[in-house]
Amino acid sequence: MTSLLTPRAAAEEPAQEPPSPAPRTAPAAVERFNPQARRRLARRDVLGVLAWLSPVAAVALWLADGGATGFTTLAGAATNLGIVAGLVGMDLVLLMLLLAARIPFIDNTIGHDRALEVHKKLGKPALYLLLAHGLLIAVGYGMAEGLDPISESVSLWVNVPDMWLAFVSMALFIAVVVTSLVAVRRKFPYEFWYAIHLLTYAAVATAIPHQFSVGGLFAEGTWQRWYWMVFCIATGVALASYRVVQPIIATFRHQLTVSRVVRVAPDVFSIEMSGLHLERLSGSGGRFFFWRFLAPGYWWEAHPFSLSAEPVPGAPGQAGKLRVTVRNLGDGSAKLARLRPGTKVAIEGPYGMFSTAARARNHVVMIGAGIGITPLRSLLESTPFQPGKATVLLRGHDDSELFLGQEIMALCQARGVTLIHLTGPRSAGNHRWLPQSAVQSGFNLTSYAPGIANADVYVCGPAAWSEAVIRDVTAAGVPAEQLHYERFDW
């Protein structure tokens with residue numbers, strides 16, 4: 001079933017036809033968010049250039065210090081190719097750590113999801129380069145000393161200071177990459193995989209000593225030595241600051257406490273919290289935080305949930321309110337329904353680009369399904385637009401799956417938003433995110449949002465469903481810089 005609800009007709013019988021095409025946006029209205037979008041795209045280009053220059057700089061500094069002179073013999077060629085592979089591999093590992101450090105500049109430019117996507121893509125190339133580094137070094141040194149690679153590896157382990165740490169580092173890197181593969185990861189609980197993944201830090205820490213102590217590669221006074229020292233220290237400082245120090249500061253600043261847990265649907269509930277200085281979190285609607293509930297059996301799990309309502313600051317010296325809405329998707333989230341009032345909460349964030357900071361156009365189209373509807377509710381409350389310039393599409397098997405639907409309807413009525421409920425069994429074919437009845441009637445995405453190519457589009461829902469929506473949004477002519485999405489497949 002497709003129902004259309006506008007501010008004037010929300011209480012009337014739902015219409016059965018999609019809305020008529022919206023008028024074209026005036027250039028002056030479009031320009032409101034253009035400067036913001038241009039700055040974000042410029043920052044993205046800067047990040048891309050720096051990412052490419054980083055390994056290039058590592059190799060260039062090596063060449064400037066006379067690295068190419070070692071290619072005069074076969075053994076020297078193997079050894080030096082191994083050195084280059086190690087330099088580039090270690091550079092990629094440090095880039096991976098920076099992408100996972102939740103640095104605001106990166107998060108506000110490409111978003112948390114995109115940063116982690118690049119982080120994952122770098123994993124295999126980094127591992128292959130580090131494996132090639134170890135193999136080629138063993139081959140090159142072995143050829144020079146008349147030993148086979150295995151015997152040379154044993155000799156390096158026994159006789160060369162800090163080299164045993166390099167072998168430990170390699171084993172740790174292999175463990176991290178293998179456990180990160182989706183096929184393997186599904187066999188373990190998330191907490192087990194996460195603990196193994198933390199070994200990345202140990203792998204980097206054990207890889208660094210031999211770089212500075214073995215041979216003259218990073219001899220004192222060389223630019224190479226300064227490059228790697230600055231890169232390693234900066235990475236460590238970023239990780240400590242944004243993964244440890246900043247969350248601790250935010251936790252003490254806001255003093256969050258669970259007020260109550262409210263049932264929204266049979267498997268959906270809201271966790272309401274009170275805290276201080278919540279005005280510091282205003283404008284975070286749609287973005288997500290990591291929440292750690294400090295009670296026995298809960299404290300060791302960090303849960304990524306988006307706000308389902310804009311924070312309400314309290315009067316000076318008094319507590320304000322904020323809320324997340326959670327669906328029972330497993331043991332970890334199910335037990336949160338039993339949280340007791342008074343439980344203290346640690347907080348990290350906000351993260352992601354699912355906010356006004358991502359806007360490029362004056363028009364807005366929001367498309368959500370399942371628990372992904374709830375971030376749209378807070379974004380709808382906070383992001384600016386003129387009446388008639390926003391469309392909200394909510395997808396569910398039936399009305400009971402349109403979570404927080406009454407709140408969303410009230411916001412749409414107050415702000416002049418076109419609200420469309422898309423309920424019913426899923427269709428097959430190219431538009432399978434839509435209800436079967438809509439597709440059979442010849443409707444598609446542009447039937448409901450005819451001006452979508454000139455709008456910011458926010459998509460939030462289950463991973464497979466979101467991918468289908470994103471394909472339709474892209475096919476409708478929406479540029480990448482106007483498409484913003486969050487995946488709920490934690």
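Please refer to the structure placed before this passage.
Note that this is a predicted model, so its numbers are computed, not measured.

1. Some points on the overall build of the chain
And then number 1: A count of helical and extended segments in the chain gives 17 helices and 12 strands.
And then number 2: In the chain, buried positions account for 50% of the 490 residues.
And then number 3: When contacts within the chain are restricted to residue pairs at least 6 apart in sequence, those whose partners lie at least 24 apart make up 74%.
And then number 4: By element, 63% of the accessible surface of the chain is carried by carbon and sulfur atoms, the whole surface being about 22,800 Å².

2. Observations concerning helix H13 (residues 373–382)
And then number 1: Counting buried positions along H13 yields eight of 10 residues, so the element is predominantly enclosed.
And then number 2: Here H13 has its buried residues at Ile373, Thr374, Pro375, Leu376, Arg377, Ser378, Leu379 and Leu380.
And then number 3: Where the residues of H13 are buried, they touch strand E5 (303–312), strand E6 (320–327), strand E8 (363–369), strand E9 (390–396), helix H14 (405–415) and strand E11 (455–461).

3. A look at the pattern of salt bridges
And then number 1: Taken as a whole and assessed by the stated rule, the structure comprises nine salt bridges.
And then number 2: Between Glu301 and Lys335 there is a salt bridge, with its nearest N and O atoms 3.0 Å apart. One end of the pair, Glu301, is in the loop between strand E4 (288–294) and E5; the other, Lys335, is in the loop between helix H12 (331–334) and strand E7 (344–351), and 34 residues separate them in sequence.
And then number 3: Classification of Lys335 by relative accessible area gives buried; the value is 16%.
And then number 4: The salt bridge partner of Arg359 is Asp456, with a shortest N-O separation of 3.2 Å. Taken together, the residues span a long stretch of sequence, with Arg359 in the loop between E7 and E8 and Asp456 in strand E11 at a distance of 97 residues.

4. Digging into empty space enclosed by the protein
And then number 1: Inspection of every chain in the model, using the stated rule, returns one cavity of 30 Å³ or more.
And then number 2: If you add up the space inside the largest cavity, you get close to 40 Å³.
And then number 3: The wall of the largest cavity is formed by Leu98, Leu99, Ala101, Arg102, Ile103, Ile106, Asp107, Gly111, His112 and Ala115.
And then number 4: When contributions to the lining of the largest cavity are tallied by element, the ones reaching two or more residues are helix H3 (74–99), helix H4 (104–110) and helix H5 (112–145).
And then number 5: Tallied by class, the residues present in the lining of the largest cavity amount to six nonpolar, two polar and two charged.

5. A few points about the packing of H3 against helix H10 (residues 199–213)
And then number 1: Look at H3 against H10: their axes get within 11 Å of each other, and the N-to-C directions meet at 145°. Seen from above, H3 lies across H10 with left-handed handedness. When H3 is examined against H10, the residues Met90, Val93, Leu94 and Leu97 are found in contact with a partner set consisting of Thr200, Tyr201, Val204, Ala207, Ile208 and Gln211.
And then number 2: Class assignment of the residues belonging to the contact of H3 with H10 gives a composition of eight nonpolar, two polar and no charged.

6. So, the sheet that holds E4
And then number 1: The six strands are arranged E2-E3-E6-E5-E4-E7 in a closed barrel whose pairing can be described as antiparallel. Between one strand axis and the next, the sheet turns through 40° on average, direction left out of account.
And then number 2: The strands that helix H11 (residues 223–254) touches are strand E2 (256–265), strand E3 (268–275) and E7; relative to E7, the one it contacts most, it runs at about 125°.
And then number 3: Across the sheet, H13 touches E5 and E6, and the angle it forms with E5 is around 30°.

7. Description of the pairing of E6
Residues in a regular strand point their side chains to alternate faces of the sheet.
And then number 1: Counting buried residues along E6, six of its eight residues qualify, which places the element largely inside the surrounding structure.
And then number 2: Note: E3 against E6, eight bridges, orientation antiparallel. What sits directly across from Ser274, in E6, is Lys321.
And then number 3: Here E5 pairs with E6 via three bridges, running antiparallel. Looking at E6, one finds that Val312 is bridged to Lys321.

8. Details of the nonpolar core
And then number 1: Counting 42 residues, the largest nonpolar core has Leu94, Ile106, Phe173, Val204, Trp228 and Phe231 as the members making the most contacts within it.
And then number 2: Listed by contribution, the elements that provide at least two residues to this core are helix H2 (34–64), H3, H4, H5, helix H7 (163–180), H10 and H11.
And then number 3: Here the element with the most residues in this core is H3; it accounts for 12 residues.
And then number 4: With 25 residues, the next largest nonpolar core counts Leu434, Ala438, Leu445 and Ala455 among its residues.

9. Some thoughts on the environment of Asp65
And then number 1: One can find Asp65 in the loop between H2 and H3.
And then number 2: Between the alpha carbons of Asp65 and Thr222 there is a distance of 7.6 Å; along the sequence they are 157 residues apart.
And then number 3: With sequence-adjacent residues up to four places away left out, Asp65 is seen in contact with Thr222, Trp223 and Gln224.
And then number 4: A distance of 3.2 Å separates a polar atom in the side chain of Asp65 from a polar atom in the side chain of Gln224.

10. Considerations on the packing of aromatic side chains
And then number 1: Using the criterion set out here, one finds 12 aromatic pairs in the structure.
And then number 2: On the numbers, 5.3 Å between centres and 90° between planes, the contact of Tyr227 with Trp228 is edge-to-face.
And then number 3: According to the relative accessible area criterion, Tyr227 is buried, its value standing at 19%.
And then number 4: Owing to a relative accessible area of 1%, Trp228 belongs among the buried residues under this scheme.
And then number 5: Plain terms: the ring middles of Phe443 and Tyr448 are 5.8 Å apart, the flat faces sit at 80° to each other, and that makes the pair edge-to-face.
And then number 6: One aromatic cluster is present, formed by Tyr227, Trp228 and Phe231 through successive ring pairs.

11. Structural notes on unusual backbone geometry
And then number 1: With an omega dihedral of 10°, the bond running from Gly349 to Pro350 counts as a cis peptide bond.
And then number 2: Considering the arrangement of structural elements, one finds Pro350 in strand E7.
And then number 3: Non-glycine residue Arg102 carries a positive phi angle of around 60°.
And then number 4: Structurally, Arg102 can be placed in the loop between H3 and H4.

About the criteria used
- Residues numbered from 1 in each chain as written.
- Predicted model: local features only at pLDDT ≥ 70, side-chain atom pairs only at ≥ 80, totals over all residues.
- Heavy atoms only, no water.
- Helix = DSSP H or I, 4+ residues; strand = E, 2+ residues; numbered from the N terminus.
- Buried < 20%, exposed > 50% of the residue type's maximum accessible area, 1.4 Å probe, protein only.
- Contact = heavy atoms within 4.5 Å.
- Areas by Shrake-Rupley, 256 points an atom, 1.4 Å probe, with all protein chains shown as cover.
- Salt bridge = Lys/Arg side-chain N within 4 Å of Asp/Glu carboxyl O.
- 1 Å grid on protein atoms, 1.4 Å probe; cavity = no way out; pocket = protein on both sides within 12 Å on 5 of 7 lines; lining within 4 Å.
- Points joined across faces, edges and corners; volume = space filled by probe spheres on them.
- Nonpolar A, V, L, I, M, F, W, Y, C, P; charged D, E, K, R; others polar.
- Axes fitted to C-alpha atoms, helices over the stretch in contact; angles between N-to-C directions.
- Left-handed = near helix turned anticlockwise from the far one by under 90°.
- Pairing = 2+ DSSP bridges.
- Core = buried A, V, L, I, M, F, W, Y, C linked by side-chain atoms within 4.5 Å.
- Polar contact = N/O pair within 3.5 Å; in protein donor to acceptor, adjacent residues only side chain to side chain.
- Phe/Tyr/Trp six-rings, centres within 6.5 Å; stacked < 30°, edge-to-face > 60°.

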